[in-house]
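# Examining the three-dimensional arrangement
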Amino acid sequence: MAVATATLAPQLPTCLDRFARSLVVPSKLMALHPRRQGNPGNAVALAPAIALGIISAFEGFTEDFLATAFYLQGQSFGQIAKKLNINNPDIEDTEKLISTNFPKLASSIGTGVGATHT
């Protein structure tokens, strides 16, 4: 009897695709927001839902992206799990993990990145 084995071939662009897909719901919620002054009624629940959706998407992306990068470096699942023993990573945590584990990238973190608010 032959045993089927799954081939694991993670790629960093796939992590970005998953992150983009995870932002679809917060984006749709944003489109529902009335954006007007005064009593928003039930729409008051939209802002926290949008924020939580974006935060959870970023946390998932951070773990997915770094785990993939570590795997592509040839690290074992045990090593990856040990390095990614993080809870609720924020931008600062992510920067520290990247700087510590990928020192050549440390100087480029945040370079050429901007954000706009509409």
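Heads up: the structure comes first, above all this text.
Residues numbered from 1 in each chain as written. Predicted model: local features only at pLDDT ≥ 70, side-chain atom pairs only at ≥ 80, totals over all residues. Heavy atoms only, no water.

## Notes on the pattern of salt bridges
Enumeration according to the criterion identifies two salt bridges in this entry. For aspartate 64, the salt bridge identified is with arginine 18, shortest N-O distance 2.9 Å. Placement of the pair is aspartate 64 in helix H3 (residues 46–72) and arginine 18 in helix H1 (residues 12–22), with a sequence separation of 46 residues. With relative accessibility at 22%, the residue aspartate 64 sits in the partly exposed group. For the salt bridge of glutamate 92 with lysine 96, the shortest nitrogen-to-oxygen distance reads 3.3 Å. (Salt bridge = Lys/Arg side-chain N within 4 Å of Asp/Glu carboxyl O. Helix = DSSP H or I, 4+ residues; strand = E, 2+ residues; numbered from the N terminus. Buried < 20%, exposed > 50% of the residue type's maximum accessible area, 1.4 Å probe, protein only.)

## Looking at the packing of aromatic side chains
Here the structure, examined in full by the defined rule, presents four aromatic pairs. Judged by centre distance (5.3 Å) and plane angle (35 degrees), the rings of phenylalanine 61 and phenylalanine 65 are tilted. Of the two residues, phenylalanine 61 and phenylalanine 65 are both situated in helix H3; the distance of four residues between them amounts to about one turn of the helix. A relative accessible area of 24% places phenylalanine 65 in the partly exposed class. Each ring, one from tyrosine 71 and one from phenylalanine 77, has its centre 5.8 Å from the other, and the planes form 15 degrees; the classification is stacked. (Phe/Tyr/Trp six-rings, centres within 6.5 Å; stacked < 30°, edge-to-face > 60°.)

## With respect to the packing of H1 against helix H2 (residues 24–32)
At their nearest, the axes of H1 and H2 sit 4 Å apart, and the two run at 30 degrees to each other. When the axis of H1 is compared with that of H2, the two are roughly parallel. Residues Ala20, Arg21 and Ser22 of H1 form the contact with H2, whose own contacting residues are Val24, Val25 and Pro26. Taken together, the residues of the contact of H1 with H2 sort by class into four nonpolar, one polar and one charged. (Axes fitted to C-alpha atoms, helices over the stretch in contact; angles between N-to-C directions. Parallel < 35°, antiparallel > 145°, perpendicular 65-115°, else oblique. Contact = heavy atoms within 4.5 Å. Nonpolar A, V, L, I, M, F, W, Y, C, P; charged D, E, K, R; others polar.)

## Considerations on the nonpolar core
Membership of the largest hydrophobic core is limited to nine residues, which are Leu66, Ala69, Phe70, Ile80, Leu84, Ile86, Leu97, Ile98 and Phe102. Mapped by element, the contributors of at least two residues to this core are H3 and helix H5 (91–101). Here this core gets three residues from one element, more than from any other, and that element is H3. Among all residues touching leucine 97, those that are not within four sequence positions of it are Leu66, Lys83, Ile86 and Phe102. (Core = buried A, V, L, I, M, F, W, Y, C linked by side-chain atoms within 4.5 Å.)

Treat this as a map of the structure, not an account of what it does.
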